[in-house]
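Coordinates in review
Below, each chain spelled out in residue letters.
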Amino acid sequence: MCSLEWSLRRSLRFGVRGGVGGVPGCNGSAEVGVDSLRALPLSVRLVAGESVASFMRRLAAANGLQAADVVGYVGGARREIDPQSVEVRLGTAAIEGLSVLAGRSVEQLRRALPTARRAGGGSAVRVVVWPPGQGVVQQCEICCRAAGGGPPAWLVAVQEFDVCRRHARWLGCAGSRSQVSLSELPEVVLAHERRQRFERRVGPYGQVLLADAFQVAVYWWSCFQMASMGRWARREAVLGLTRRRLWAVPIVVYPEVVTLAEAMAVRERQRCYGRGFDGQTTRWYTGRWTRWVGERLELSDEVAAGGERALHLWLMAHRNSIPVVARLAGSPPPPGYRAQQMQPLVPHRRVVEGSWERMSCLPWRLGEPMTSVTWEGEGFPA
């Protein structure tokens, strides 16, 4: 054991203050005052989107410590943490303590670590299990090597996948692989960039619309509709698949999901103000919207040949419920309303966190037959 690691562990075990770098010890879950902390001898680079648990583990490894030691330093109960299964939620005082240990400002940590932005008050340190549909993906292998190697960072992924735009790589489940090259699928990388702009423009409701759009695409893929025999089959061939695989569906349909979510947002903005797709208050031209979706996807013939059924099911749940009299009396949308973030609408008044399947109002599931669907919730027939 090197002298650095021995000194740090001695500081931790015997509560010696002013060990290597002046780092105090921590006994159990006793809180440590920020004023008594010192920066650890070695810092680590910040990786945008990294989980707190992953950052703590890399910081500990760089200084010859266990992640449990760093958890203890910031006031938590000493326990080992696996970034792939748990996250560390930090209170305000705990984030300040971590910033001292890492030699970074609180603002830098909050910019880089997404879950640190929603810190609670006090000094609480909680280790929580990732909920279903959420978790982390391993940092792009090429990015990790370019940064000098070392333990890879684990990035927070809302839907258990991400895309490295710099190196065109899919990060997440890819059969037996955790990453797959998208160099021959540039449209998937461009779709990810559009998705990020879409989420910033629409706000949290954008995740709901992406979830609904993904479910519509799952319906099309499961029923061999729309692009199943064209561009989707080509993308599967590029991925080296000789037959359709469930894990590949998010990659294969991703560009169409983003385009459809953008079209859904257009209609939802009109519905918010009691207007149809064409801006009129008295009649709702759902047929015009579905045709426009086909034009946006460059799949007009496929929409007319049966693809509109899934869109009609979404429209049924998102139908206008404002009486005609109220619509006529209402005021038109305010100037610049398209640039404002959207408020949740029925049937998504309460936006839930989780997988797209869980967030969506459309009840079918990828890999299950459509005949097993149970129609529940607001907007669907009993």
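Everything discussed here concerns the structure shown above.
So, a few notes on the structure that sits alongside this text.

**Looking at the packing of helix 11 (residues 286-297) against helix 12 (residues 300-317)**
In the contact formed by helix 11 and helix 12, the axes pass within 9 Å of each other and the chain directions differ by 125 degrees. Here helix 11 is positioned oblique relative to helix 12, judged by the angle of their axes. The hand of the helix 11/helix 12 crossing is right-handed. Across from Thr 286, Trp 289, Thr 290, Val 293, Gly 294 and Glu 295 in helix 11, the residues of helix 12 making contact are Ser 300, Val 303, Leu 311, His 312, Trp 314 and Leu 315. Its residues assigned to classes, the contact of helix 11 with helix 12 comprises 6 nonpolar, 5 polar and 1 charged.

**A few points about the packing of aromatic side chains**
Working definition: an aromatic ring pair is given by the centre-to-centre distance plus the angle between the planes. All told, the structure shown has 7 aromatic pairs when counted by the stated rule. Judged by centre distance (5.8 Å) and plane angle (90 degrees), the ring pair of Trp 170 and Tyr 254 falls under edge-to-face. One end of the pair, Trp 170, is in strand 6 (residues 169-174); the other, Tyr 254, is in helix 10 (residues 249-272), and 84 residues separate them in sequence. With respect to class, Trp 170 is no different from Tyr 254; both count as buried.

**A word on the nonpolar core**
Judged by nonpolar contacts, the single largest core of 65 residues is most densely connected at Trp 170, Leu 182, Trp 220 and Tyr 254. If you list the elements that add at least two residues to this core, you get strand 5 (161-164), strand 6, helix 7 (186-202), helix 8 (205-222), helix 10, helix 11, helix 12 and helix 14 (356-359). Tallying contributions element by element places helix 8 first for this core, with 13 residues. Discounting residues that sit within four places of it in the chain, Trp 170 has contacts with Phe 161, Asp 162, Val 163, Ser 178, Gln 179, Val 180, Leu 182, Val 188, Pro 250, Ile 251 and Tyr 254. Formed by 30 residues, the second largest nonpolar core is a distinct cluster that contains Leu 40, Val 52, Ala 60 and Leu 65.

**Let's talk about the pattern of salt bridges**
Throughout the structure, instances matching the rule amount to 12 salt bridges. Glu 187 is the salt-bridge partner of Arg 234, the closest N and O atoms lying 2.7 Å from each other. Of this pair, Arg 234 sits in helix 9 (residues 231-238) while Glu 187 sits in helix 7, and the two are 47 residues apart along the sequence. Connected through shared salt-bridge partners, Glu 187, Arg 231, Arg 234, Arg 235 and Glu 256 make up one network.

**Notes on unusual backbone geometry**
Residue Pro 347 is bonded to the preceding Val 346 through a cis peptide linkage, with omega at 10 degrees. Within the fold, Pro 347 resides in the loop between helix 13 (324-329) and helix 14. Although it is not a glycine, Glu 160 sits at a positive phi angle of roughly 65 degrees. Non-glycine residue Ala 168 carries a positive phi angle of around 50 degrees.

**Notes on the sheet that holds strand 6**
The strands making up a sheet associate through backbone hydrogen bonding, with each pair oriented either parallel or antiparallel. The strand order 5-6-7 describes an open sheet built from 3 strands, whose pairing is antiparallel. Sheet topology places strand 5 and strand 7 (177-181) at the edges, where each strand pairs with a single neighbour. This sheet shows a mean twist of 30 degrees between the axes of neighbouring strands, independent of strand direction. Where strand 5 lies against strand 6, 4 bridges are found, and the strand directions are antiparallel. If you follow Asp 162 over to strand 6, its bridge partner there is Leu 171. Set on the sheet, helix 10 makes contact with strand 5, strand 6 and strand 7; between it and strand 6 the angle comes to about 135 degrees.

Rules used in this analysis
Residues numbered from 1 in each chain as written. Predicted model: local features only at pLDDT ≥ 70, side-chain atom pairs only at ≥ 80, totals over all residues. Heavy atoms only, no water. Axes fitted to C-alpha atoms, helices over the stretch in contact; angles between N-to-C directions. Helix = DSSP H or I, 4+ residues; strand = E, 2+ residues; numbered from the N terminus. Parallel < 35°, antiparallel > 145°, perpendicular 65-115°, else oblique. Left-handed = near helix turned anticlockwise from the far one by under 90°. Contact = heavy atoms within 4.5 Å. Nonpolar A, V, L, I, M, F, W, Y, C, P; charged D, E, K, R; others polar. Phe/Tyr/Trp six-rings, centres within 6.5 Å; stacked < 30°, edge-to-face > 60°. Buried < 20%, exposed > 50% of the residue type's maximum accessible area, 1.4 Å probe, protein only. Core = buried A, V, L, I, M, F, W, Y, C linked by side-chain atoms within 4.5 Å. Salt bridge = Lys/Arg side-chain N within 4 Å of Asp/Glu carboxyl O. Pairing = 2+ DSSP bridges.

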